[in-house]
Each structure stands twice: as C-alpha cells, then as structure tokens.
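Given next are the chains, with one letter for each unit.
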Amino acid sequence: MKQQLEKLIGLQKNDLAQEALRQDVEKQRVKVEADTEMLEDLEKTLVSQTESLEETRKLLANKRNELEEAKKSQEHANTKLNAVTNSRDYAAIERELENFKKMVVQLESEIDSLQHAVVEAEALNEKHRSEYDTLHAEIEKARVAVDAAAASIEGRVAELQAQSNELGKTIQPQVLARYRFIRSKRAGVAVVSASGGTCTGCHMKLQPQAFIVLQRQKTLECCQNCQRILYFSAEEAEALHNGNRK
C-alpha cells in the first residue's frame, strides 16, 4: 500500500499541476472578459454623451439664429421709433423695443451657458474617448497574450496528462476510483499527510489508534472528518519533532 500511496501522491501532483496551468490561463481570460464588459459600458457612455453633445450643439445653433433675428427686430424697432411722430405709436414701439432688448440679453445669456456646456462636454467626451482607446488597445494586447499562454501550456498539459494516465494504470482501480471521487469533492486535493497526528487537509486531530495504523502504511486510511486519503511522512514527522525541540 505504501507504493500505491506514493503513486497517488505523484498522480495528484500531476493533476494539480495541470489544473494550475489551466486556472492561470482562465484567470487571464476572465480578466479580459471583465475588461471587455467595462469597454462596452464605456462605449455606451460615449454614444450617449455624443448624442447629448450633438443636441446641445443644435440648440446652441438655434439660439444663435434666434439672437440674430432678435437683433434684426431690435434694429427695425429702433428705425421705426426714430421715424414715428405719434406719441401713442412711440410708446407702443418703445415697449416693443424694450422687449427685444430683454430677449437679446436673455438669448446672449443662454448662448453663453450653452457654449460653456459644449466646451465641458467636448472635454469629457475626449477624456472618455481616450480612455476607451487605451482600454481597447490593452484588451486586444491581453487577448493575444491569453491566446499565446493557452497555446504554450498545451504541450505541458498533454505531457502531464500522459504521465497521469500512465500512473493511473499502476494504481488499483478501487483506489483510483476513490481518489478521483474525493478530488471531485475536496477542491482537487484528495491525498494529504498526517503530520503530528493531525490531518493537514482539515486540521483535525486523528485518533491515536488511527494514527498508529496509518504509520504502518499497510492499508488505505482516510481522515474520519474530511475523508481525504492519508499518508505518513517520516521526514515531515522528524522536521516537526525538531521544530518543536527548538
């Protein structure tokens, strides 16, 4: 059984190495996808801001046209005022002229506010456009890197898988089946050492008799708490003993 345990440890080492390689690439891919979602949100913001900016520009153009018309009307009223001889007509045209003056002032104020709004919107739009372009370039670069990383690990993963397959052939079927079942339930870690009488998988203390049986390594022993397959390492035990003596 000691040899079977050694092979299980080697098998688990290979299996974990494969998973680590895949997980590293997957983490990079997840990061790219998260950044892509951020890019899409930024693009929506840009579209919305651009539409709003165009509407503001149109409104500014309309207000400028209104101002031009108001000034023309004001000049026309001035001309009429200078030509009128009737006091009644004079008063009426004077009120009309005053209204045009107020309209011009109001329109000039609105135009000033709209001009500031356009400048601010253009600056914000340019800022977000720059952020979009930068993020887009980073994402494209990251995609290439992820694809390259995925391609680069294929050979190593295939090599480790082949080693695992060969090891699997030398392990008793019932032992291999138990190993695979435990791995599926325990985050990929099915074989752990019992150091100082404690399961290093769940850190629960083993019963003294169970630890004694485990040290003989004649049978397949599992932790009563987490069900992981246990093995005893004399080297670990000696290191722990020496550490406690210091």
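Basis of the calculations
Residues numbered from 1 in each chain as written. Predicted model: local features only at pLDDT ≥ 70, side-chain atom pairs only at ≥ 80, totals over all residues. Heavy atoms only, no water. Phe/Tyr/Trp six-rings, centres within 6.5 Å; stacked < 30°, edge-to-face > 60°. Helix = DSSP H or I, 4+ residues; strand = E, 2+ residues; numbered from the N terminus. Buried < 20%, exposed > 50% of the residue type's maximum accessible area, 1.4 Å probe, protein only. Axes fitted to C-alpha atoms, helices over the stretch in contact; angles between N-to-C directions. Parallel < 35°, antiparallel > 145°, perpendicular 65-115°, else oblique. Left-handed = near helix turned anticlockwise from the far one by under 90°. Nonpolar A, V, L, I, M, F, W, Y, C, P; charged D, E, K, R; others polar. Pairing = 2+ DSSP bridges.

Right, let's talk about the packing of aromatic side chains for a bit. Per the counting criterion, the structure on display carries 1 aromatic pair. Ring centres of Phe-211 and Phe-232 lie 5.8 Å apart, and the angle between their planes is 75 degrees; on these two criteria the pair is classed as edge-to-face. A residue pair is termed long-range when its members are at least 10 positions apart, and Phe-211 in helix α4 (residues 208-216) and Phe-232 in the loop between β4 (229-231) and α5 (234-245) qualify at 21 residues. Phe-232 shares its class with Phe-211; the two are buried.

For the rest of this paragraph, the subject is the packing of helix α1 (residues 2-83) against helix α2 (residues 87-169). Packing of α1 against α2 brings their axes to within 4 Å, and their N-to-C directions diverge by 165 degrees. Here α2 runs roughly antiparallel to α1, going by the angle between their axes. α2 is crossed by α1, and the crossing has left-handed handedness. Its residues assigned to classes, the contact of α1 with α2 comprises 40 nonpolar, 19 polar and 24 charged.

Pairing between the strands of a sheet comes from backbone hydrogen bonds, and it takes one of two forms, parallel or antiparallel. Reading across the sheet, the 4 strands line up as β2-β1-β4-β3 and stay open at both edges, with mixed pairing between neighbours. Strands at the two margins of the open sheet, each flanked by one partner only, are β2 (198-199) and β3 (221-222).

Right, let's talk about unusual backbone geometry for a bit. Residue Ala-187 is not a glycine yet carries a positive backbone phi of 50 degrees. Position of Ala-187 relative to the elements: it lies in the loop between α3 (173-185) and β1 (191-195). For Gln-217, which is not glycine, the phi torsion reads 55 degrees and is therefore positive. Locating Gln-217 in the fold gives a position in the loop between α4 and β3.

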